[in-house]
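# Chain and residue survey
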Amino acid sequence: QVQLVESGGGLVQAGGSLRLSCAASGRTFSSYAMGWFRQAPGKERETVAGIDWSAGNTYYTDSVKGRFTISRDNAKNTVYLQMNSLKPEDTAVYYCAAGLSIARLVSRRAEYWGPGTQVTVSS
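Every chain is numbered on its own, with residues counted from 1 as its sequence reads. Only residues with pLDDT of at least 70 get local features here, since the model is predicted, and only at 80 or more are side-chain atom pairs given and counted; chain-wide, interface and lining totals rely on the full set of residues. Side-chain descriptors were evaluated using all non-hydrogen atoms of the structure, hydrogens and water having been removed beforehand.

### Overview of the sheet that holds strand β1 (residues 3–7)
Cut-off, in case you're wondering: Two strands are counted as paired when DSSP detects at least two bridges linking them. A run of H or I in DSSP becomes a helix once it reaches four residues, and a run of E becomes a strand once it reaches two; helices and strands are each numbered from the N terminus. For every element, the axis is a line fit to its C-alpha atoms; helices are fit only across the contacting stretch, and the angle between N-to-C directions ranges from 0 to 180 degrees.
Across the sheet, four strands lie side by side as β1-β3-β8-β7; this open sheet has antiparallel pairing. A single partner strand is all that each edge strand has here, and the edge strands are β1 and β7 (68–73). Averaged over all pairs of adjacent strands, the angle between their axes in this sheet comes to 15°, without regard to strand direction. Where β1 meets strand β3 (residues 18–25), five bridges bridge the pair, whose relative direction is antiparallel. By the bridge assignment, Leu 4 is partnered in β3 with Ala 24.

This is the structure:
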């Protein structure tokens, strides 16, 4: 079992930055690929970024490439999402999730989900 809790969301102006954190409980954190997802009102949940267990491979959806960076610290059981140059269209509830591979996370097949944290970007 892995329990996930996100933090770091909030209200920021366009062009600003936020850093999301996802703390995981459970001794098997380091064996999972981790991902960040978001869901805006009236839209489907989309995969934003993913990182494999060793942090050797990452994935980003096209709309965040060059602006967002996913990282993880297995010693701290934590995954991060650094978000720079935020845009109003980045406004959504952001979720972290643990999965068996980046490929499965990209198709939104996660094993465990966090409750989410709201990110609002004002124009």
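### Notes on the side chain of Arg 38
In plain terms, the rule: Any pair of nitrogen or oxygen atoms within 3.5 Å is treated as a polar contact; in protein, a donor-acceptor pairing is required on top of that, and neighbouring residues in sequence qualify only through side-chain atoms on both sides. We call two residues contacting when some pair of their heavy atoms lies within 4.5 Å.
Residue position: Arg 38 is located in strand β4 (residues 33–39). Engagement of the side chain of Arg 38 in a polar contact is seen with the side chain of Asp 90, the distance being 2.9 Å. A distance of 3.0 Å separates the side chain of Arg 38 from the side chain of Tyr 94, its partner in a polar contact. Those residues in contact with Arg 38, other than ones at most four positions away along the chain, are Glu 44, Arg 45, Glu 46, Val 48, Ser 63, Val 64, Phe 68, Asp 90, Ala 92, Val 93 and Tyr 94.

No statement about biological role is implied by the geometric values presented.
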